[in-house]
Amino acid sequence: MTPDRARAARELLAFYLETGVESLVGEAPVDRLADRGEDAAAAVPQPPALADRARSAAPASGFAARNGETLARPGAPPPQTPLRDPAAVIPSPAPMPPDSAVMAAREAARSARSLDELRAILERFEGCALKFMAKQLVFADGNPEARVMFVGEAPGREEDLAGLPFVGRSGQLLDRMLAAIGLDRTRAYIANIIPWRPPGNRDPSVQETQICLPFIQRQIELVDPDVLVCLGKPSTAALLGVNDGIKRTRGRWFSYHTGTREIRAMPTYHPAFLLRSPLEKRQAWRDLLAIKKALAE
Ligand code: URA
């Protein structure tokens, strides 16, 4: 590579990072800007009939219209969706159908007799496509002997890099929240519903949540805390089956069945939400005091 091209590549990578494009979606690069000749559409492999119709019928079947758009002529056949360039198709790492993945997750999670085994099982589990896009598993942090367990939604970029939950800005606020009631990571256990970072920090899908749920449920069962704290709505919905907004559920006690016993569970605001809405910290503070009181009983 010439020095100019190397510099251009470095600048492009820096630009991607700045704009949040940070996940690799394919092994081989695809130059989507490459000149594909005069008729780019012709470069896209199409069945002959479709290609012929596109070439001959396209100009006649639409009005070259306002703002350069092409409007369909009444009665004209609907526009054909161009076939995707196979080279541009992102290979899906989804290794098994979702139903089978959920079943496999349940079986695998059930078989874990300790947290170490559960972590090892998750390291090997291939039923959740997020695993293939994340840098590493983000299993847990804190003390597995703790009486209180906090569960968030999914790791972000910092957590993906560190392999630990809640180490970014939300994590720093979570640490301050813990400190406010005399806790720290030696006296609390912290995990997420989803143990792999969704690319670009998108919300995990319902399917991904369903696949990961048996693992966090087993993790809670193995930690066996006295108090479970659900950070934010996704964690509350997944673990407590309550779909109301977090403003309605926060600060209320629910019962969570660990698999061996009932424990107390409280939803509260996710620290990321509190960073965006600092006025709500007052409510979060109340929740923390209630958690502190429960731990003193
Ligand atoms: N948000 C979460 O829900 N979990 C983390 O680990 C970090 C941010």
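Residues numbered from 1 in each chain as written. Predicted model: local features only at pLDDT ≥ 70, side-chain atom pairs only at ≥ 80, totals over all residues. Heavy atoms only, no water.

Novice: Please clarify how empty space enclosed by the protein should be interpreted in this entry.
Specialist: The rolling of a water-molecule-sized probe over the atoms marks out the regions of remaining empty space. Per the counting criterion, the structure on display carries 1 cavity of 30 Å³ or more. Its boundaries defined by the atoms lining it, the largest cavity holds a volume of some 40 Å³. When residues of the lining of the largest cavity are assigned to their parent elements, the largest contribution, 4 residues, is made by helix H9 (residues 206–223). (1 Å grid on protein atoms, 1.4 Å probe; cavity = no way out; pocket = protein on both sides within 12 Å on 5 of 7 lines; lining within 4 Å. Points joined across faces, edges and corners; volume = space filled by probe spheres on them. Helix = DSSP H or I, 4+ residues; strand = E, 2+ residues; numbered from the N terminus.)

Novice: Is there a simple way to explain the state of the cysteines in this structure?
Specialist: Disulfide: a covalent bond connecting the sulfur atoms of a pair of cysteines. Summed over the entire model, instances satisfying the criterion amount to 0 disulfides. Not engaged in a disulfide, the cysteine Cys128 finds its nearest cysteine sulfur in Cys212; these two sulfurs lie 4.0 Å apart. A residue is classified by how much of its surface remains accessible, and Cys128, at 1% relative accessible area, is buried. (Disulfide = S-S within 2.5 Å. Buried < 20%, exposed > 50% of the residue type's maximum accessible area, 1.4 Å probe, protein only.)

Novice: I would appreciate a short explanation of the packing of aromatic side chains in the present structure.
Specialist: A full pass over the atoms with the stated rule returns 2 aromatic pairs. Seen in terms of ring centroids, Phe125 and Phe215 are 4.9 Å apart; in terms of plane orientation they differ by 65°. Their pairing is edge-to-face. Residue Phe125 is found in the loop between helix H5 (115–124) and helix H6 (130–133), and its partner Phe215 is found in helix H9; the two are separated by 90 residues along the sequence. In this structure, Phe125 and Phe215 share a single accessibility class: buried. Note on Tyr269 and Phe273: the rings are 4.7 Å apart at their centroids and 40° apart in plane angle, and the pair reads as tilted. As far as the burial class goes, Tyr269 and Phe273 line up, both buried. Sitting above the plane of the Trp253 ring, Arg264 keeps its charged end 4.4 Å from the centroid. (Phe/Tyr/Trp six-rings, centres within 6.5 Å; stacked < 30°, edge-to-face > 60°. Lys NZ or Arg CZ within 6 Å of the ring centre and 35° of its normal.)

Novice: Could you clarify how one ought to interpret the site of the ligand in this entry?
Specialist: Lining the immediate environment of the ligand, one finds Gly152, Glu153, Ala154, Pro155, Glu159, Pro165, Phe166, Asn192 and His270. A distance of 2.8 Å is found between an oxygen atom of the ligand and a backbone nitrogen or oxygen belonging to Glu153. Asn192 places a polar side-chain atom, nitrogen or oxygen, 2.8 Å from a nitrogen atom of the ligand. The fraction of the free accessible surface of the ligand (230 Å²) that becomes covered by protein chains is 91%. In a pocket analysis with a 2 Å cut-off to the grid points, the ligand is assigned to the second largest pocket. Grouping the constituent residues of the shell around the ligand by class yields 4 nonpolar, 3 polar and 2 charged. (Near = heavy atom within 4 Å. Polar contact = N/O pair within 3.5 Å; in protein donor to acceptor, adjacent residues only side chain to side chain. Areas by Shrake-Rupley, 256 points an atom, 1.4 Å probe, with all protein chains shown as cover. Sits in = over half its atoms within 2 Å of the grid points. Nonpolar A, V, L, I, M, F, W, Y, C, P; charged D, E, K, R; others polar.)

Novice: Before we go on, may I ask you to explain the pattern of salt bridges in this structure?
Specialist: A full pass over the atoms with the stated rule returns 12 salt bridges. Asp226 is the partner of Arg147 in a salt bridge, and the nearest nitrogen-oxygen pair spans 2.6 Å. Of the two residues, Arg147 sits in the loop between strand E3 (141–142) and strand E4 (148–152) while Asp226 sits in the loop between H9 and strand E6 (227–231), which places them 79 residues apart along the sequence. Its relative accessible area of 36% is what places Arg147 among the partly exposed residues. Among the charged side chains, a network of salt bridges with common partners joins Arg147, Asp224, Asp226 and Arg261. (Salt bridge = Lys/Arg side-chain N within 4 Å of Asp/Glu carboxyl O.)

Novice: I would appreciate a short explanation of the sheet that holds strand E5 (residues 189–192) in the present structure.
Specialist: Strands belonging to one sheet form pairs held by backbone hydrogen bonds; the direction of such a pair is parallel or antiparallel. One open sheet holds the 6 strands; their spatial order is E3-E5-E4-E6-E8-E7, and the pairing between them is mixed. Looking along the sheet, the strands with just one partner apiece sit at the ends: E3 and strand E7 (254–257). Sheet analysis places E7 next to strand E8 (residues 262–268), joined by 4 bridges and oriented antiparallel. Directly across from Phe254, in E8, lies its bridge partner Ala265. Along the sheet, helix H13 (residues 281–296) makes contact with E4, E6 and E8, crossing E8 at roughly 165°. (Pairing = 2+ DSSP bridges. Contact = heavy atoms within 4.5 Å. Axes fitted to C-alpha atoms, helices over the stretch in contact; angles between N-to-C directions.)

Novice: What's the story with the layout of surface pockets in this structure? I'm lost.
Specialist: By volume, the second largest pocket amounts to about 700 Å³. Every residue lining the second largest pocket is counted, 29 residues in all, and those nearest its centre are Glu153, Ala154, Ser170, His270 and Ala272. Broken down by secondary-structure element, the contributors of at least two residues to the lining of the second largest pocket are helix H7 (157–162), helix H8 (169–180), helix H10 (233–240) and helix H12 (271–276). The greatest single-element share of the lining of the second largest pocket, amounting to 4 residues, is contributed by H12. Of the residues in the lining of the second largest pocket, the class split is 13 nonpolar, 7 polar and 9 charged.

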